[in-house]
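Architecture and fold: a report
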Amino acid sequence: MGKPKTIIEKVWEQHVVHREEGKPDLLYIDQHLVHEVTSPQAFEGLRLANRKVRRPDLTYATMDHNVPTKNRDVVKDEISRKQMETLRKNCEDFGIKLADMFHPDQGIVHVIGPQLGLTQPGKTIVCGDSHTSTHGAFGALAFGIGTSEVEHVLATQTIWQDRPKTLNVKVEGDLGPGVTAKDLILAIIAKFGVRFGTGYVMEYTGEAIRKLSMEERMTICNMSIEGGARAGLISPDETTVEFLRGREYVPKDEEFDRISEEWLALATDEGAVYDHTVTINAAEVEPQVTWGTNPGMGVPVSGATPRVAESDNPYEVERALEYMGLEENQPITSIEIDHVFIGSCTNSRLSDLKKAAAIVEGKQVKDTIKAIVVPGSFSVKLQAEKEGIDKIFKEAGFEWRDSGCSMCLGMNDDIVPVGGRCASTSNRNFEGRQGNGARTHLVSPEMAAAAAIEGRFVDVRHFAGVAL
Amino acid sequence: MEAIEQHEGLVYPLNRANIDTDQIIPKQFLKRIERTGFGQFLFYNWRFNEDGSLKEDFSMNDPKYEGASILLAGENFGCGSSREHAPWALEDYGFKVIIAPSFADIFYNNALKNGIILIKLDEAQIKEWQNQSEDGELKLSVDLPNQTITDEAGKVVGFEIPAYHKEKLINGWDDIALTLLMEEKISEFENGAQA
Ligand code: SF4
């Protein structure tokens with residue numbers, strides 16, 4: 001055997017079509033996911049140049065960003081309607097499979113890829129969306145691209161990429177009871193900042209990561225981009241193999257046994273060297289709440305907003321506090337909210353919904369709060385309804401919606417009004433993200449559920465009636 | 001993409017770090033299916049009030065920066081979403097050059113593909129020019145082949161840019177056409193991978 005390698009190097013090397021000194025590598029792409037917002041100009045470019053889609057069979061499209069989450073039949077917004085119509089036409093013209101708004105496989109692109117088994121270890125996966133890093137949970141090399149790159153991949157099934165540096169994000173110890181994968185990734189970004197991953201592909205390693213379910217791993221990898229890394233991944237193991245067994249686009253029977261051996265062999269070798277390593281102790285992580293306007297501005301729920309004068313960047317902290325309408329050194333548990341959003345490609349899978357439902361069961365959402373649950377895919381929604389989870393939410397006073405991106409970025413009607421304050425299970429708390437002038441606090445589904453009941457942030461570990 | 005070698009222009013200093021693509025072009029403007037016309041929406045929520053009137057306290061609305069084509073910004077410029085609408089908006093507004101201590105990875109690639117020159121410089125130099133530009137008016141001239149920026153006082157500052165990106169910018173090459181020249185290698189790879 002040669003030199004020990006990381007999974008990042010192994011997957012990369014397997015996909016190099018062309019390499020030349022002083023230039024990026026030309027990488028082959030195994031799976032291209034497409035949605036309505038970042039693709040129209042790419043297809044237009046193909047048409048203008050009289051080009052075809054090289055591998056429609058490796059391309060899969062859905063509508064998620066601006067689909068309505070109620071009353072699907074009427075897309076009130078004319079431009080949204082046109083954008084979706086354009087995708088439908090493009091998929092027809094170029095022979096690409098499309099899960100449109102009414103298709104049983106529709107959902108947020110990063111939820112349906114894994115659900116259908118399109119996402120597999122060792123694949124290179126791209127999508128015109130920065131949270132493509134989600135698919136890294138399976139040991140795929142998955143990253144977001146811009147529209148010119150979407151066009152490039154459509155035309156050539158390849159992409160030019162600088163070889164990344166490798167970053168080991170080592171999670172030691174175990175997560176405490178009631179502390180979730182979302183808390184862990186928020187704590188990682190709070191500790192190391194929003195640019196520690198720039199120029200790197202991250203691999204999450206350590207015992208705590210091994211113990212996570214696939215859905216929890218997706219939550220972690222999803223937010224790699226919030227730490228600055230285009231891609232973040234986790235070496236595949238038995239948990240990965242079991243999740244994929246039997247899924248629609250995964251090989252069957254003996255072929256599955258053979259390919260799962262290949263998948264497991266991709267895991268980072270003992271003794272492989274990374275360009276850089278950072279370490280965090282999972283046991284020290286508490287439930288997190290962001291207080292500011294980037295995902296790195298987060299603290300434990302027992303904490304408070306920073307003191308301006310004592311912070312590293314007083315100017316930014318002051319501006320963020322002002323936008324958020326918060327005082328310095330304000331206890332997190334004193335922050336009252338008026339919106340709750342449970343959804344997005346970070347936290348809208350069945351297990352997320354179940355965990356949040358367990359918190360709200362038999363309780364009532366505070367009457368000043370508008371709370372919505374938006375399942376990540378049509379199939380998640382159906383499954384949840386089969387298990388009666390929709391009822392628990394509805395009885396507690398949540399609205400139960402159809403799947404899509406929804407209030408994560410408010411491109412459809414689901415927006416937080418000016419000055420509104422939302423406990424959100426999504427991944428970005430940028431100014432105006434959920435609506436112009438809206439204030440976003442990123443939390444786990446459990447924390448969002450508890451906040452919906454109490455009307456303010458509480459430590460879900462001490463939340464009445466919850467046995468942890 | 002248009003070829004670009006030299007550029008001389010007025011500076012607009014935006015002294016903020018971590019400017020994300022949601023700020024550069026808010027999501028309500030992502031619904032267009034064209035590539036052009038995004039400039040009017042650049043930094044929309046910073047430039048305009050709810051009712052569409054100009055926010056006077058936002059520096060970009062100061063008439064002295066009208067026609068600026070060189071943007072000076074803080075570190076991690078362009079973080080967040082992969083939307084190429086961000087460079088489209090910057091380019092359409094008239095920015096040809098962006099100078100910052102660092103750029104987010106995806107934005108960096110997207111901007112280069114649209115013929116915007118991205119230059120990483122150390123913070124102290126950016127600060128110096130930022131101050132000059134805020135106090136008066138500053139023009140810089142960028143020479144891509146020689147990798148230098150010259151200010152009005154005659155100060156010359158060198159910068160690094162990967163040779164490969166430089167070559168593409170100077171020639172205005174179409175990436176796809178270049179890649180399609182490798183058609184044979186791609187097919188070979190596909191056949192090998194499927195064997
Ligand atoms: S849920 Fe939010 S973050 Fe995820 S793909 Fe949709 S808009 Fe992007």
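Residues numbered from 1 in each chain as written. Chains lettered and ligands numbered in written order. Predicted model: local features only at pLDDT ≥ 70, side-chain atom pairs only at ≥ 80, totals over all residues. Heavy atoms only, no water.

Scanning all chains against the criterion turns up 21 aromatic pairs over all chains. Measuring from centroid to centroid gives 5.8 Å for F256(A) and W263(A), while their planes differ by 85 degrees, and the two rings are edge-to-face. Taking relative accessible area as the criterion, W263(A) reaches 3% and is therefore assigned buried. When the centroid spacing of 5.8 Å and the interplanar angle of 50 degrees are considered together, the rings of W46(B) and F58(B) count as tilted. With W46(B) in helix α2 (residues 44-47) and F58(B) in the loop between α2 and β2 (70-73), the pair connects residues that are 12 residues apart, well separated along the chain. For the residue pair W46(B) and F58(B), the accessibility class agrees, reading buried in each case. Members of the aromatic cluster, connected to one another through ring pairs, are F29(B), F41(B), Y44(B) and F48(B). Geometry around F38(B) places R32(B) over its ring, the cationic atom sitting 5.3 Å from the centre. (Phe/Tyr/Trp six-rings, centres within 6.5 Å; stacked < 30°, edge-to-face > 60°. Buried < 20%, exposed > 50% of the residue type's maximum accessible area, 1.4 Å probe, protein only. Helix = DSSP H or I, 4+ residues; strand = E, 2+ residues; numbered from the N terminus. Lys NZ or Arg CZ within 6 Å of the ring centre and 35° of its normal.)

Before going further, it helps to examine the UniProt feature "binding site: [4Fe-4S] cluster" (unreviewed entry) in chain A. All names here are of chain A. Here, UniProt's "binding site: [4Fe-4S] cluster" (unreviewed entry) annotation points to C345, C405 and C408. In terms of the greatest pairwise C-alpha distance, the residues named above, spread along 64 residues, form a tight cluster of at most 8.7 Å across. From the list above, the second largest cavity is lined by C345, C405 and C408. When you line up the elements, C345 lands in the loop between β15 (339-342) and α12 (350-360). (UniProt positions renumbered as here; feature names shortened; annotations may be inferred. 1 Å grid on protein atoms, 1.4 Å probe; cavity = no way out; pocket = protein on both sides within 12 Å on 5 of 7 lines; lining within 4 Å.)

The next subject is the sheet that holds strand β2 (residues 25-28) of chain A. Residues and elements named next belong to chain A. Spatially, the 3 strands line up as an open sheet ordered β1-β2-β8, and their pairing is antiparallel. This sheet does not close on itself; its edge strands, each paired only once, are β1 (16-18) and β8 (158-161). Neighbouring strand axes in the sheet, compared pairwise and without regard to direction, differ in orientation by 40 degrees on average. Across 2 bridges, the pairing between β1 and β2 is antiparallel. Residue H18 lies in a different strand from β2, and its bridge partner there is L26. Across the face of the sheet, helix α1 (residues 7-14) comes into contact with β1, β2 and β8 while running at roughly 45 degrees to β1. Helix-sheet contacts for helix α5 (residues 147-156) involve β2 and β8, and the interaxial angle to β8 is about 135 degrees. (Pairing = 2+ DSSP bridges. Axes fitted to C-alpha atoms, helices over the stretch in contact; angles between N-to-C directions. Contact = heavy atoms within 4.5 Å.)

All names here are of chain A. The N-to-C vectors of α12 and helix α15 (residues 445-454) enclose an angle of 30 degrees; their axes lie 8 Å apart at closest approach. Between α12 and α15, the crossing angle belongs to the class labelled roughly parallel. Classified by chirality, the crossing of α15 by α12 is right-handed. Every residue of α15 that contacts α12 at D352, K355, A356, I359 and V360 is listed here: P445, E446, A449, A450 and I453. (Parallel < 35°, antiparallel > 145°, perpendicular 65-115°, else oblique. Left-handed = near helix turned anticlockwise from the far one by under 90°.)

Residues and elements named next belong to chain A. Ordered in space as β11-β10-β9-β12, the 4 strands form an open sheet in which the pairing is parallel. The sheet is open, and its two borders are formed by β11 (231-233) and β12 (276-281), each paired with just one other strand. On average, each strand axis in the sheet is inclined to that of its neighbour by 20 degrees, with strand direction left out of account. Bridge count for strand β9 (residues 165-172) against strand β10 (residues 200-205) is 6 bridges, and the pairing is parallel. Looking at β10, one finds that K170 is bridged to T205.

The partner chain B presents 50 residues to the 66 residues of chain A that form the contact. When chain A packs against chain B, the two sides together hide about 4,800 Å² of surface, and 52% of this comes from carbon and sulfur. On the chain A side of the contact with chain B, Q41(A), R54(A) and R195(A) bury the most area, a combined 13% of that side's loss. The interface formed by chain A and chain B contains 9 salt bridges. In this structure, K113(B) and E149(A) form a salt bridge, with 3.8 Å as the shortest nitrogen-oxygen distance. Put simply, chain A and chain B have 34 residue pairs in polar contact (both at pLDDT 80 or more) between them. Every element with two or more residues in the side of chain A that touches chain B is listed here: β1, β2, α2 (40-48), α3 (78-94), α5, β8 and α11 (314-324) of chain A. Per-element tally for the side of chain A that touches chain B: the top contributor is α5(A), with 7 residues. (Buried area = accessible area lost by both parts, 1.4 Å probe. Salt bridge = Lys/Arg side-chain N within 4 Å of Asp/Glu carboxyl O. Polar contact = N/O pair within 3.5 Å; in protein donor to acceptor, adjacent residues only side chain to side chain.)

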